[in-house]
Amino acid sequence: MGHKQEKKLHPYLCNVDATLIEIFGYKTQGCRKAMCIAGYIFSCGALLLLFYWKPAWDVWANCIPCNLQEADVILLRTTDEFQKYTRKKVTWIDLSKLNLSVRDTSDSLFIADKDSVINRAIMKPELKVRSIQVQKIWYIWDLSMKQFQKVGSLDDSNSCYDIHDKFGTGLTREEQNIRRLVCGPNAIEVEIRPIWKLLFKEILNPFYVFQTFTLTLWLSQGYVEYSVAIIILSVISIGLTVYDLRQQSVKLHDLVEEHNKVQVTACTKDEGEQCPLESHYLVPGDILVLEGKKHSLPCDAILIDGGCIVDEGMLTGESIPVTKTPLPHMENTKSWKTHSAEDYRRHVLFCGTEVIQTKPTGKGPVRAVVLQTGFNTAKGDLVRSILYPKPMNFKLYRDAFKFIIILTLIGVLGLIYTVCVYVQHKKPVAETVAMALLLFTVSVPPAIPAALTTGIVYAQKRLKNKKIFCISPQRINICGQINLVCFDKTGTLTEDGLDLWGLIPSEGSRFQNVYSFASGTPLPWGLPCGAMASCHSLIVLDEKIQGDPLDRKMFECTCWEKGEEGDETDLKEGTEEEQLSNLTSYLPDFPQAPVDGIAILHQFPFSSGLQRMSVITQQLGKDQYDLYMKGAPEMVTSFCRPETVPTDFVKELKVYTTQGFRVIALAHRALNMGKDVELDNLEREEVESDLTFLGLLIMENRLKAETKPVLEELSTARIRSVMITGDNLQTAVTVAKNSGMISKTSKVILIEASEPEGPTPASITWQLMEDSKQMAAGITDTCVNIEERTIPERESNNYHFALNGKSYQIIVKHFKSLLPKILVNGTVFARMSPGQKSSLIEEFQKLNSHGQGDELCSNILSCSYTGVFQALKMAHAGISLSEQEASVASPFTSQVPNIECVPELIREGRAALVASFAVFKYLTLYGLTQFIGTALLYWIFGNYQYLMQDVVITLLVCLTMSLTQAYPKLAPYRPPGQLISPPLLLSVILHTGITAIMLVCGFLLVKQQPWYSEMANHRNGTANATDIPSSVLSYEDTTLWPLTTINCIILAFVFSKGKPFRKPIYTNCKYSCINMCFPVYILIMLFVTFCVSFFVEDVVLQNRHLWLLIKKCCQFRSRSQYRKWQRKLEKDPTWPPLKRKDFAENSKNEIYINPIYEHDEEN
């Protein structure tokens, strides 16, 4: 009904995380609402419950479609595969209560910024604004654009000049009040959800509603004991879930509450003075004055005057001081973000980060313009990702729902069967209805949700014992299906720290002899020494040098010392004594040096997008200014004069990168600037040119001891490993080879793509990467010999692709059709920005999204950089090796900072997944066994016999079956991931058939005995359970009870498989004792049934070789895109291409997808 009318009117609402949401307008209609209320009453609330589960149906029933301008109810629909609907009420913001000054014309502005959406949203003369709130973000109705626009942040279209001119003096009181009312308070408010709300939401789960109906029916029939046992178990299960949710809510509330009420100093335009203010009242556009003391930032702000040093550990996962510089006051029309390109973050102070030092200038105190408030901030986005996580599209849960529907349909057949039989025997209507509903509920065991929950709880407890913590328990089962792990390099595969190996200075366009730092002698003075001593972002805090590990190691090797940072000293205009407190100088006990010290006047901080940093310095006692640069060698040399770069630069660089060294290039330029130049307004493009190349700094980044064994274990288990790093490509490939990610005998094909230039279209080249030893000897165009050996499936083609972020972006833009082919064998992705990392993981997921769920991608990364956070969210399961605040958004966090947690997580995931399947199969067979027995007798056993079978056997078996621990060795294949699959369906069908044959034979056989006689209550009809005498009801009951009981025990053993995913069953002592406590002679009686069941399950259904043979005979082929491309490429004699250059046919027809998320960055 709703879809046909919606399709004409559905614009998109762009959510904060850049996802599109379809938005539909509806208007409430009185008569429809009255009819729905009547339906609620007559259905005893069933219709209201249905609308709670289906909010779209609620809107379609109560409202009529209309355009968004007239709508009082908004229906939102996600554009992903889930198509989830959300209902939102349109609210009105009344500005008239602010007593605003009268505006004579309709064109008058309430907000000084004429481009602000608030001006276009105020209805005149009513002074009202229409708004909706979506995932904690407020949107207001733009009367001009006819769409909802986000508020709570400054417009990105503002230029650098606009930021200074419009907001440099602050906002008026009236404008502050308007923004405060429209944008809401500057607070990340996470409600500690009341227990009754959590309980109410959990109980209204569809399965628990069905369980309530079932137990109510059973209690009405006198089946009290088992019903009470199920109720107790369900209450415990719901209680544990509610407790866990409550604890997470309290933890998240405590995490953000301290930043909601911070005392700050702000400026207003009309008063023109600084005044203390509670951060709760800040609005976008306010001027924030940053004082010298340490404090946490309550909002996102753009630095406009002065500099400061902040600790961004909350965002990046690393507590490394980061230098922030003011936004230049430039007169241009470019957006301030576009003007700063990928380096815009160096001007932004993010909410939740800590200001540890301020650097005022001669203009006055350090000031910043509030950019974003509340949930629009960086910390707000982090909290939102926890409150509204990415939906999980795991096939197990979808299949479980389908399977329950199938069981429900079987129950409906039983209901029809019962009605027919009872009507034929002319039974009373009340008894017919009761018994029909009873048989209907028997087929769906009410213990399923509790039993499945216990398996995940046990796995979570085992992970906790291994110091792996989980905030999303449902993802544990997903980890059992992982077959692709994406690793970061630095801090994850390699040690976080670096050792300085040597310096290769360059002079006269020639490399000089290598200077080794192993000798311990100080580096002699020269321009390379000046670069190492000054081109860094180190600070002295609490008498300790703090900063990036690379910078610290580089500075320590100079044997210089860092002076204390002055708080209020203008470095350029201060006296020599003042400058000495802000410089890097020689140690006092060293001989006379040519320079007394170096003052760092200005910094252009490092950016992962720019791959470099620069500083402007001045030697004490001299008027000369110098610029030093360090960064990626390829990037630094592009700014150097060609005649200063050695001719063998590329060859020399490869010698060290192919050995796994990290290489940093150094460069210098003497600046001719007057004393009056404003350094803060200098653009780095103005001074970063015509540099002199100084040499290469060689740093060693060692592999962690645990890396190689873990990667070998994953390789043996046929779990593919991929490296995604921001480091040099050659270094990354060498680390991949040394760690075993790429075998020594495998080919590595380097992919380089180029943008179109004039009439030449975009191109892509494929080049075999040479062996490092041969290359060092000057041999080119070599091929690595491939030896015959047994290799994992992932190396079946024995070649790997390696490319950098630039080439990846060009391929996505111009060679989209080649991307799947490359990803099939792509192993090393270097120089990747944080946004490109997230995009790559998404492309891996797309590659496998068309399969049968057998090709899942997961991301295991160290939360060391800003971009890692987004990559963790993008993957099916992410594990952080950091304990910083940013890691709370990761589904898993390991306190052990190495990748040993990866196989542990996969092992526990596989064990939990197998346990879930076993419990589900067992309960399904138990329900069908009860169904068959009830269909035969309508009341099989006495009440206490039911209690013994259900409570002593079924419940205890389900609660202890998942206690079996994970098998210590990873198998080379994964457990099944689908419930609706031939092996499982055949397992259920065949075991059901075996059980049915056994019960029917027992039922008929007992009637053939000469001593058999019918009992009185059977001749007179089925009695209520409360009227059952303590004596034997009938020979049929007495015969079938031990058969079904022992059959349950047999199935429990059969389904509790050990190796290869779990330890043997005898290691689970509690489970074994429960199943062995029954009479042994009954087991002997049913030994044949056990053998048949075991043979069917273990020899036939679980026989991997048999199924592979069946697939081969039936010519079955996986529909996964991954396998399709793999088969196609194996048959393609021209692939992989070598020594050729391909050109795009028509680059203009390609769809451009920008993979870079500009709010991410990696250091």
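Refer to the structure above for everything that follows.
Remember, it's a predicted structure, so these values are computed and weren't measured experimentally. (Residues numbered from 1 in each chain as written. Predicted model: local features only at pLDDT ≥ 70, side-chain atom pairs only at ≥ 80, totals over all residues. Heavy atoms only, no water.)

Visitor: Tell me about the overall build of the chain, and please be specific about residues and values.
Guide: Of regular secondary structure, the chain possesses 40 helices and 42 strands. A burial count over the chain gives 55% of its 1163 residues as buried. Residue pairs at least 24 apart in sequence account for 74% of intrachain contacts in the chain once pairs closer than 6 positions are excluded. Working note: accessible area of the chain is about 50,700 Å², and carbon and sulfur atoms make up 57% of it. (Helix = DSSP H or I, 4+ residues; strand = E, 2+ residues; numbered from the N terminus. Buried < 20%, exposed > 50% of the residue type's maximum accessible area, 1.4 Å probe, protein only. Contact = heavy atoms within 4.5 Å. Areas by Shrake-Rupley, 256 points an atom, 1.4 Å probe, with all protein chains shown as cover.)

Visitor: Could you give me a rundown of the packing of helix α35 (residues 1035-1055) against helix α38 (residues 1087-1101), with the residues and numbers involved?
Guide: In the contact formed by α35 and α38, the axes pass within 10 Å of each other and the chain directions differ by 30 degrees. Put simply, α35 runs roughly parallel to α38. The chirality of how α35 crosses α38 is right-handed. Along its contact with α35, which presents N1047, I1050, F1053, V1054 and F1055, the element α38 presents T1089, F1090, S1093, F1094 and E1097. (Axes fitted to C-alpha atoms, helices over the stretch in contact; angles between N-to-C directions. Parallel < 35°, antiparallel > 145°, perpendicular 65-115°, else oblique. Left-handed = near helix turned anticlockwise from the far one by under 90°.)

Visitor: For the sheet that holds strand β12 (residues 287-290), give the residues involved together with the corresponding values.
Guide: Note on sheets: strands pair through backbone hydrogen bonds, and any given pair is parallel or antiparallel. Ordered by their spatial adjacency, six strands build an open sheet running β11-β10-β12-β19-β14-β17, and the pairing between neighbours is antiparallel. In the strand order of this sheet, the two ends are held by β11 (274-278) and β17 (348-349), each with one partner. Pairing analysis gives five bridges linking strand β10 (residues 263-267) to β11, with the strands arranged antiparallel. Pairing of A266 across the sheet is with C275, part of β11. Running over the sheet, helix α6 (residues 160-167) touches β12, β14 (300-305) and β19 (366-372) and is turned about 90 degrees from β14. (Pairing = 2+ DSSP bridges.)

Visitor: I'd like a description of the pairing of strand β38 (residues 826-830), backed by residues and values.
Guide: Of all five residues in β38, five are buried; the element is thus mostly enclosed. In terms of strand pairing, strand β34 (residues 720-724) meets β38 through two bridges, oriented parallel. The partner of M723 across the bridge, within β38, is V828. In terms of strand pairing, strand β37 (residues 799-804) meets β38 through four bridges, oriented parallel. From the neighbouring strand, F801 faces β38, where its bridge partner is G826.

Visitor: Go over the side chain of R130, please, and point to the residues and values.
Guide: In this structure, R130 sits in strand β7 (residues 128-134). Put simply, R130 is tucked away with no salt bridge, and the nearest opposite charge, on D72, sits 7.6 Å away. Of the polar contacts made by the side chain of R130, one reaches the backbone oxygen of A71; its length is 2.6 Å. When sequence neighbours within four positions are dropped, the list of residues in contact with R130 reads L68, Q69, E70, A71, V90, T91, W92, Y139, I140, W141 and F148. (Lys, Arg positive; Asp, Glu negative; His and termini not counted. Salt bridge = Lys/Arg side-chain N within 4 Å of Asp/Glu carboxyl O. Polar contact = N/O pair within 3.5 Å; in protein donor to acceptor, adjacent residues only side chain to side chain.)

Visitor: A description of the packing of aromatic side chains should follow, citing residues and the corresponding values.
Guide: Under the defined criterion, the tally for this structure stands at 15 aromatic pairs. Ring geometry for F649 against F693: centres 5.7 Å apart, planes inclined by 85 degrees, an arrangement best described as edge-to-face. Of this pair, F649 sits in helix α22 (residues 649-657) while F693 sits in strand β33 (residues 692-700), and the two are 44 residues apart along the sequence. Each member of the pair, F649 as well as F693, is classed as buried. Ring geometry for W766 and F801: centres 5.7 Å apart, planes at 55 degrees, overall tilted. In this pair, W766 is assigned in strand β36 (residues 763-768) and F801 in strand β37, connecting sequence segments 35 residues apart. In terms of burial, W766 and F801 fall into one category: buried. The structure contains a cluster of three or more aromatic residues connected by ring pairs, namely W766, Y799, F801 and W1135. The positively charged end of K54 is found above the aromatic ring belonging to W57, 5.8 Å away from the centroid. (Phe/Tyr/Trp six-rings, centres within 6.5 Å; stacked < 30°, edge-to-face > 60°. Lys NZ or Arg CZ within 6 Å of the ring centre and 35° of its normal.)

Visitor: Please set out the pattern of salt bridges residue by residue, giving values where relevant.
Guide: Applying the stated criterion across every chain, the model contains 19 salt bridges. Connected via shared salt-bridge partners are R462, K466, E713, E904, R907 and E908.

Visitor: Tell me what's going on with the nonpolar core, and back it up with residues and numbers.
Guide: Counting 41 residues, the largest nonpolar core has I476, F487, L714, V828, F892, V902 and I906 as the members making the most contacts within it. Each of domain 4 (395-467 + 905-1011 + 1034-1089) and domain 5 (484-492 + 704-770 + 798-895) contributes no fewer than three residues to this core. Residues I764, Y808, I822 and W1135 belong to the second largest nonpolar core, which totals 36 residues. (Core = buried A, V, L, I, M, F, W, Y, C linked by side-chain atoms within 4.5 Å. Domains from an automatic or database assignment.)

Visitor: If you had to explain the sheet that holds strand β8 (residues 137-142) to someone new, which residues and values would you point to?
Guide: Judged by pairing direction, the sheet is antiparallel, and its four strands sit side by side in the order β6-β7-β8-β9 without closing on themselves. With one partner strand each, in any of the chains shown, β6 (91-94) and β9 (147-150) form the two edges of the open sheet. Within this sheet the neighbouring strands show an average axis-to-axis angle of 40 degrees, counted without direction. Where β7 lies against β8, four bridges are found, and the strand directions are antiparallel. When the bridges of β8 are listed, S131 appears paired with I140.

Visitor: Would you mind going over a nonpolar patch on the surface in detail, with residue names and values included?
Guide: Taken together, L219, V224, V228, I231, I232, V235, I236 and L240 make up a surface patch of nonpolar side chains, about 650 Å² in accessible area. Ranked by the residues each element gives to the nonpolar patch, the list is headed by helix α10 (residues 224-257), at seven residues. (Patch = residues over 30% accessible without salt bridge, like charges linked within 9 Å, V, L, I, M, F, W, Y side chains within 5 Å.)

Visitor: Account for unusual backbone geometry, naming residues and giving values.
Guide: Residues other than glycine predominantly adopt negative phi, and peptide bonds predominantly adopt the trans conformation. A cis geometry characterises the amide bond from K1059 onward to P1060, with omega recorded as 15 degrees. Mapped onto the secondary structure, P1060 falls in the loop between α35 and α36 (1069-1076). With an omega of 0 degrees, the peptide bond between W1135 and P1136 qualifies as cis. Secondary-structure assignment places P1136 in the loop between α40 (1121-1131) and β42 (1140-1143). The residue K136 is not glycine, and still its phi comes out positive at about 75 degrees.

Visitor: If you had to explain the packing of helix α33 (residues 982-1007) against α35 to someone new, which residues and values would you point to?
Guide: Relative orientation of the contacting elements α33 and α35 amounts to 155 degrees, with a least axis distance of 9 Å. One element, α33, and the other, α35, form an angle in the roughly antiparallel class. Between α33 and α35 lies a crossing of right-handed hand. Contact residues: α33 offers S987, H991, T995, M998, L999, G1002, F1003, V1006 and K1007, while α35 offers Y1035, E1036, T1039, L1040, L1043, T1044, N1047, L1051, V1054 and F1055. Split by residue class, the contact of α33 with α35 holds ten nonpolar, seven polar and two charged. (Nonpolar A, V, L, I, M, F, W, Y, C, P; charged D, E, K, R; others polar.)

Visitor: Can you lay out the environment of T734 for me, pointing to particular residues and giving the numbers?
Guide: Here T734 is to be found in helix α25 (residues 729-739). For the pair T734 and G660, spaced 74 residues apart in sequence, the C-alpha to C-alpha distance is 5.0 Å. Excluding residues within four positions of it along the chain, T734 makes contact with T657, T658, Q659 and G660.

Visitor: Give me the lowdown on the state of the cysteines, citing residues and values where you can.
Guide: Within this structure, the stated rule accounts for zero disulfides. Not part of a disulfide, C479 finds its nearest cysteine sulfur in C470, a span of 7.7 Å. (Disulfide = S-S within 2.5 Å.)

Visitor: Residue-level account of the environment of L240, with values.
Guide: On the secondary structure map, L240 appears in helix α10. Take L240: its relative accessible area is 52%, and that puts it in the exposed class. Separated by 213 residues in the primary sequence, L240 and T453 have C-alpha atoms spaced 9.7 Å apart.

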